[in-house]
Structures are given as C-alpha cells and as structure tokens.
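# Residue-level structure breakdown
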Amino acid sequence: MAHLFMVGDAISDADTARDLFVGSLCPIEADSFDSRYDYIALGHLHAGHKIKQNEFIRYSGTLLPLNFGEQETKHACLIEFDGNNKKLSLIPFPPIKNLIRIKGDLEVISKRLKELKKENKAFMVEILLEGHEDALTIKNRIDNLTTDSLIEILRIKDNRSFGMALSQDDEIKQLADLNEDSVFLRLLDCAQIDEADRAEYISTYKEIRRLMDDEEVSTK
C-alpha cells in the first residue's frame, strides 16, 4: 500500500472532461505497475473509474455521493478468478437519498421540483438561481412546492444579484471599496424591490447585522 497519485487520468463531469491532479502526492504512470498484478485498487478520488481503459486498474470511488457534482451511480467492484481468467463486475449501490442540482430561473426550478415531488422519493436538492426574480419570491415558491414532500432543500445559491451589484459602478474595482450597507442597497436595486417593500427588507437586514455583531462580541 502506498500514498501516490496516478497521472494521465481523466474523468468526465456534467460540463467537461478534465485532467486530475492531487497536489503533494508522488505521481506515477499506470504502466509503472507490473503486468503480473491481477488487480490494482486505487483510492482517494470520489468518482469510480478505470485507468487508461484498463478494467483492472481502477479507482473504486465512494459508496455514497459526497457532493452535488457526483451524479454517477456508485459501485462496488467484484473480481472473480477462474484459473488464469478473471472477470470484473460492477455492483451498483442504490442511493439512500438522491442528490439533485437544479440550475435555472423560477420557471425551470418550479417545473423540476414538481417532477421530483411526483416521484415520491427522498431527494436532497441544491438550487442555483438564475433569472431576474427576487430571491424572496423564489424562496416562497420553493417552500410551497416542497411542502408535504420528501424533498429537502439543502442549499440555495444566488450569486447573480451580487455580481450585478458590484458591476453597477465602473469606478468601484474592489469589494473592499464598499461597506455592507451599500452592497445591500445595490442588491435591492438589482432585484428591483419596490419602494413599498424596501423598509421590511432593510429592517430585517439590520436585525441580522445586529445579531451577528452581538454574537461576535459574546465570543470574544
């Protein structure tokens, strides 16, 4: 057993094929192994896959998905020997809960959540927001769609308005040039929050800031 890294390997994800490297580990080539070895078991990487099309040099992968980028089916490898012959079979592990990533605007998110709800299965969901709807409207819609279901929303990521807010003024080049209050007001502008609703947003924001400041003081 050794702590090394197999170089020249590549796997595919939803977006692209990428070369893999693990820093600080000694790299070796797949052909460094003696051909007399019946099976080379590799670890560390989450995605199970073979090396250079060799079924008997494999990363086994994890038994459960550990993040939302791992959409592949998890397997155990069974190697059977009959004299000089060997056979490898992949035994799939059905997930206890399915990890689902939904990326899109409110219409796309709503459609996908309705589809998942109909399946009546346990899903853990990450949502990546796109479009122009304000976050509160999306959050309320998500709550309504997932009520009385087995869907668990683990994370909602909304970077769109933040990026738009920082790009509104070309004179501002660094986040350090802004304070928290000005960033929040820019976010309200980007989300096109009505003046009638702004007071509630600002009041909630200030209360959250106060609680964060109180917690920081209490930990010192």
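What counts, and where the lines are drawn
- Residues numbered from 1 in each chain as written.
- Predicted model: local features only at pLDDT ≥ 70, side-chain atom pairs only at ≥ 80, totals over all residues.
- Heavy atoms only, no water.
- Core = buried A, V, L, I, M, F, W, Y, C linked by side-chain atoms within 4.5 Å.
- Buried < 20%, exposed > 50% of the residue type's maximum accessible area, 1.4 Å probe, protein only.
- Helix = DSSP H or I, 4+ residues; strand = E, 2+ residues; numbered from the N terminus.
- Contact = heavy atoms within 4.5 Å.
- Pairing = 2+ DSSP bridges.
- Axes fitted to C-alpha atoms, helices over the stretch in contact; angles between N-to-C directions.

### Let's talk about the nonpolar core
With 14 residues, the main nonpolar core has Ile102, Ile109, Leu113, Leu116, Val125 and Ile127 as its most contacted residues. Elements with a contribution of two residues or more to this core: β10 (98-104), α1 (106-119), β11 (123-129) and α2 (135-146). Excluding residues that lie within four positions of it along the chain, Ile127 makes contacts with Ile102, Ile109, Ile142, Ile153, Arg155, Ile156 and Lys157. In this structure, Ile40, Leu45, Ile51 and Ile57 belong to the second largest nonpolar core, which totals six residues.

### A closer look at the sheet that holds β11
Read from one edge of the open sheet, three strands run β10-β11-β12, paired in parallel fashion. With partners counted over all chains shown, the strands left at the sheet margins are β10 and β12 (151-157), one partner each. Put simply, the sheet's adjacent strands are angled 20° from each other on average, direction ignored. As paired strands, β10 and β11 are joined by seven bridges and run parallel to one another. Within β11, the position partnered with Asn98 by the bridge is Phe123. Against the sheet, α1 makes contact with β10, β11 and β12, and its axis sits at roughly 155° relative to β10, the strand it touches most. Sitting on the sheet, α2 is in contact with β11 and β12, with an inclination near 165° to β12.

### Notes on unusual backbone geometry
The backbone of Asn120 shows a phi angle near 55°, a positive value even though the residue is not glycine. Even without being glycine, Asp148 reaches a positive phi, approximately 60°. Checked against the element boundaries, Asp148 lands in the loop between α2 and β12. For Asp148, a relative accessible area of 78% puts it in the exposed group.

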